Amino acid sequence: CTAGLFAVSPSGTLPVMYITTQNKQDVSRETPVEATVYVTAYGDYPALGSASNQIPLTIRGRGNWTWKEFDKKPYKIVFAQGQGQKLLGMHKSKHWALMAGADDCLGFLKNTVGYALSERIGLPYTPHQVPVELVLNGDYKGLYFVTETVRIDNDRVNIHEQQDGETKAELITGGWLVEIDNYPSEGNVTFREHNGEQVMVTPQSPEELSSVQRTYISNQLNALNDAIYGQGSTPLADILDLTDAARFYLVQEIMEDCESYHGSCYLYKDRDSTDTRGRQVVPKWHFGPVWDFGNAYDRHQERFIYDSPTFTQIWAEQLRRNDLFYERVQQLWYQYRQSGHKKVLADIDAFVSAITSAAKRDAERWQNSNVRTNGDMSGRKKEFLNLLNWRIDWLYKKWGEGDSTPITDDVPTVLSEPAPAAIRLVDGQLLIQRDGQTFTITGQPVE
């Protein structure tokens, strides 16, 4: 499913986003370019600015493989400081992605359904997206998806935002937003999974780490690694929110996303605090939000995603062996089959109806290029539903009806002991001093 560079105009069935760069210069991935934007109103979607009153922003390329390999490029746009916008009815923010879907020849349904599953299965936050048609410097670029980026914000990952380079012990326990990554970078935090695989984690917030922050997050990731493998003294339920971990896993398994725990795999943790009785409250790590289902259904095999994976699936198989985690998966599977699946099918119908005309124009725009296009949305929808239903049927053979027992809360995050008297960095290691004793940041006594 490939799809030229000849004059094509918007379909008129979606909002149209017009971006003009300063002096109409080209957009690169490395350096943001000054630009202006306005978005036309359509249906329930309000306009943003106008041709005579355009809004300033910057634009640059985003992505790795999708930026390098396809003629239709994804972009990141950022509005000026203090001038976040409530774009297309979504929550106000400065930061947005323009996702091209150039690698999806299943009707742009991979990300769309992955996000729908995340919402229906109940992850606390799922990125929202709205389809638009993009005109960049007067050139019609086709169908795009204005998407909320994964970041800490009241309306996105709602945790404390920690400052880059923080050194105060009481502030470095959160918030943390990190990504299991498949691209090495200078800022990676690395460790070895207990099966020998090297894991690269990119801190997304904070980005620039002090030595104290780096020590803390390294200790935390190693403690989580130990707990997932049943090593050390910390039970997994004390350090990881098992329900959100099961929600995340179930979405990936239904989507047969063979890259799900390999890259673009996010985790977050809020800051430690004390309650009104002076007891320490230690928030758990959470999997999520979901992001990037570009490899969904590419393998198309009757196997779990961690079984002989195409890409390394960090922690997935070992998590599956944890009884409490698997109990959550079974309960969520039951709930999804009872009501969630019908809602996802309705989401698909509404989405396909909304983008069909624009997808046809997009295919005309990119014919004879290396972009995977979707001019026949009826056929693409049928292909996608065949894959989705195949996966649901196979999982039913493995899991049956699931467990109808209601999900109860994990082990409480309020600990019985008082708050630590001090957290100090000693010889590069974070130590807690409490009641005359010294512990590592993971709670191990120091002799």
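This report concerns the structure included in the present document. Model, not experiment: these values are computed from the prediction. (Residues numbered from 1 in each chain as written. Predicted model: local features only at pLDDT ≥ 70, side-chain atom pairs only at ≥ 80, totals over all residues. Heavy atoms only, no water.)

Considering the overall build of the chain
Inference 1: A tally of helices and strands in the chain yields eight helices and 18 strands.
Inference 2: Against the compact-globule benchmark of 22 Å for 447 residues, the chain has a radius of gyration of 23 Å, which places it among compact chains.
Inference 3: By its C-alpha atoms, the chain is 75 × 55 × 40 Å across when sized along the principal axes.
Inference 4: Going through the 447 residues of the chain one by one, you find that 52% of them count as buried.
Inference 5: When the accessible surface of the chain is split by element, carbon and sulfur atoms take 44% of a total near 19700 Å².
Inference 6: The average position of the 45 basic charges and that of the 58 acidic charges among the side chains of the chain differ by 4 Å. (Helix = DSSP H or I, 4+ residues; strand = E, 2+ residues; numbered from the N terminus. Rg over C-alpha atoms; globule rule 2.2 N^0.38 Å. Buried < 20%, exposed > 50% of the residue type's maximum accessible area, 1.4 Å probe, protein only. Areas by Shrake-Rupley, 256 points an atom, 1.4 Å probe, with all protein chains shown as cover. Lys, Arg positive; Asp, Glu negative; His and termini not counted. Charge placed at Lys NZ, Arg CZ, Asp CG, Glu CD.)

A look at the sheet that holds strand β10 (residues 198-205)
Sheet strands pair via backbone hydrogen bonds, and the direction of the pair is either parallel or antiparallel.
Inference 1: Ordered by their spatial adjacency, five strands build an open sheet running β9-β10-β8-β11-β14, and the pairing between neighbours is antiparallel. The outermost strands of the open sheet, each flanked by one partner alone, are β9 (189-192) and β14 (286-287).
Inference 2: As judged from the four bridges shared by β9 and β10, these two strands associate in the antiparallel manner. Bridge pairing in β10 links Arg192 to Gln198.
Inference 3: Each of β8 (176-181), β9, β10 and β11 (265-269) is contacted by helix α3 (residues 211-228), which is oriented at about 30 degrees to β9, the strand it contacts most. (Pairing = 2+ DSSP bridges. Contact = heavy atoms within 4.5 Å. Axes fitted to C-alpha atoms, helices over the stretch in contact; angles between N-to-C directions.)

A closer look at the state of the cysteines
Inference 1: Under the defined criterion, the tally for this structure stands at zero disulfides.
Inference 2: Not part of a disulfide, Cys265 finds its nearest cysteine sulfur in Cys258, a span of 14 Å.
Inference 3: Classification of Cys265 as buried rests on a relative accessible area of 0%. (Disulfide = S-S within 2.5 Å.)

Focus on the pattern of salt bridges
Inference 1: A complete count under the given rule lists 15 salt bridges for this structure.
Inference 2: Of the charged contacts, one joins Asp139 and Arg365 as a salt bridge, the two residues approaching to 3.0 Å between their closest N and O atoms. Here the residue Asp139 occupies a position in strand β7 (residues 139-148), and Arg365 occupies one in helix α7 (residues 323-365), the gap between them amounting to 226 residues.
Inference 3: The salt bridge partner of Arg328 is Glu327, with a shortest N-O separation of 3.4 Å. (Salt bridge = Lys/Arg side-chain N within 4 Å of Asp/Glu carboxyl O.)

Description of the side chain of Arg299
Inference 1: Take Arg299: it is sitting in the loop between β14 and α6 (316-320).
Inference 2: Judged by its relative accessible area of 11%, Arg299 is buried.
Inference 3: Separated by 3.0 Å, the side chain of Arg299 and the backbone oxygen of Ser308 make a polar contact.
Inference 4: Setting aside residues no more than four positions away along its own chain, Arg299 makes contact with Glu256, Phe304, Ile305, Asp307, Ser308, Pro309 and Thr310. (Polar contact = N/O pair within 3.5 Å; in protein donor to acceptor, adjacent residues only side chain to side chain.)

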